[in-house]
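One-letter residues, chain by chain:
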Amino acid sequence: MLTAYLNIFLIFALMFIGYFLTYKQWFTDQVGDTFSKLILQIALPCSMFLNITENFSRQEFLQLFTGMIIPILSMMLTFSLSLIYARLFKITKSRYGTFSTMFTCSNTIFIGLPINLAIFGGKAVPYVLLYYIVNTTIFWTLGVYMIASDHPKIQQAKVSFHLLPILKKVFTPALLGFMIGLVWVLLQLPHSKSFDTFLGYLANLTTPLSMFVIGIIVYATGIKNLKMNKDIFGVLIGRFVLSPAIVWGLGQVIQVPQLMLSVFIIQAAMPVQNSVPILARSYDGDQEYAASSLGYSVLIYLAYIPLLLKLVL
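Residues numbered from 1 in each chain as written. Predicted model: local features only at pLDDT ≥ 70, side-chain atom pairs only at ≥ 80, totals over all residues. Heavy atoms only, no water.

Trainee: I keep staring at the overall build of the protein and nothing clicks. Help me out?
Mentor: Helix and strand counts for the protein come out as 16 helices and 0 strands. Expected size for 313 residues packed as a compact globule is a radius of gyration near 20 Å; at 19 Å, the protein falls within 12% of this value. Counting only residues that meet the buried cut, the protein has 54% of its 313 residues in that class. Only carbon and sulfur atoms are counted for the fraction: they give 68% of the accessible area of the protein, which is about 14400 Å². Here the protein contributes 19 positively and 10 negatively charged side chains, and the mean placements of these two sets differ by 7 Å. (Helix = DSSP H or I, 4+ residues; strand = E, 2+ residues; numbered from the N terminus. Rg over C-alpha atoms; globule rule 2.2 N^0.38 Å. Buried < 20%, exposed > 50% of the residue type's maximum accessible area, 1.4 Å probe, protein only. Areas by Shrake-Rupley, 256 points an atom, 1.4 Å probe, with all protein chains shown as cover. Lys, Arg positive; Asp, Glu negative; His and termini not counted. Charge placed at Lys NZ, Arg CZ, Asp CG, Glu CD.)

Trainee: Would you mind showing me how to read the side chain of Gln273 here?
Mentor: Position of Gln273 among the secondary structure elements: in the loop between α14 (258–268) and α15 (275–282). For Gln273, the residues in contact, after removing those within four places along its chain, are Cys105, Ser106, Asn107, Asn135, Phe139 and Leu294. (Contact = heavy atoms within 4.5 Å.)

Trainee: Honestly, empty space enclosed by the protein in this entry has me stumped. Any pointers?
Mentor: With a probe scaled to a water molecule rolled over the atoms, the places where space remains empty come into view. Applying the stated criterion across every chain, the model contains 2 cavities of 30 Å³ or more. Roughly 120 Å³ of volume is contained in the largest cavity. Lining the largest cavity are 13 residues, with Leu44, Met48, Phe110, Tyr132 and Gln273 positioned closest to its centre. Elements supplying a minimum of two residues to the lining of the largest cavity: α2 (29–55) and α7 (125–149). Broken down by element, the lining of the largest cavity gets its largest block of residues, 4 residues, from α2. Classifying every residue of the lining of the largest cavity by side-chain character gives 6 nonpolar, 7 polar and no charged. (1 Å grid on protein atoms, 1.4 Å probe; cavity = no way out; pocket = protein on both sides within 12 Å on 5 of 7 lines; lining within 4 Å. Points joined across faces, edges and corners; volume = space filled by probe spheres on them. Nonpolar A, V, L, I, M, F, W, Y, C, P; charged D, E, K, R; others polar.)

What follows is the structure, given as structure tokens:
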């Protein structure tokens, strides 16, 4: 448990470094734009490829595939609930897509993996990655589409049914890296240790640069402006209450191993995806809202996780 808390504090420390270096004028908005491009087009695709190819064999992937039913159903239900929640509680329309994505998708690798390892040990890794596959696929397809739809030009494309601009935004380098990794595993293609090491260097840039960008955004927004509002509160309700509750409910109907269900509940209750503020920035969305929601979700998670553990242990 101490390790899990330490991992969260370390992520906060990275965000603080980004904030502090922006205050010292080492980082600027232009640096933030460069970091965002580096993450989305190079580091994150490498990370996704390695996470699949290093942690799954073809046989393991095919055996675990049937266990995807709970993550798929739960995330589709959570997404549908996010749309209903947004209308009932009058979430700001220019934030609909970003809100729904943060409400539905969780931080399954940067926070989820180390926390599950700290709680359950290495035997949890296959189930962590199983949820990660579903979460990642939905995030980089439906989630990216929803975030992009907050931009007026993309909204116009939706109305006029010009799908090409939308497809270009959905099939991001990150999703392609993920898809290539799946094909690599299923076809059992070989790759050298040197190749993995090279990709690992690039993949390891993802977390620190992501948090630096969030620190830059937080500084540009101003600490005093990071105030709780109903739109952020709605995200927290989705992340910490509704999403894990739906997984738990499905687990009472669909029989899966207890460890698998426990890992799925932990994964469903993770903070907001690191990449949301970066994508909101890239698509000219409400990046301050995304960064504030991420910051609050990680901060509150420190107090929330002991309550969650009472449910799964």
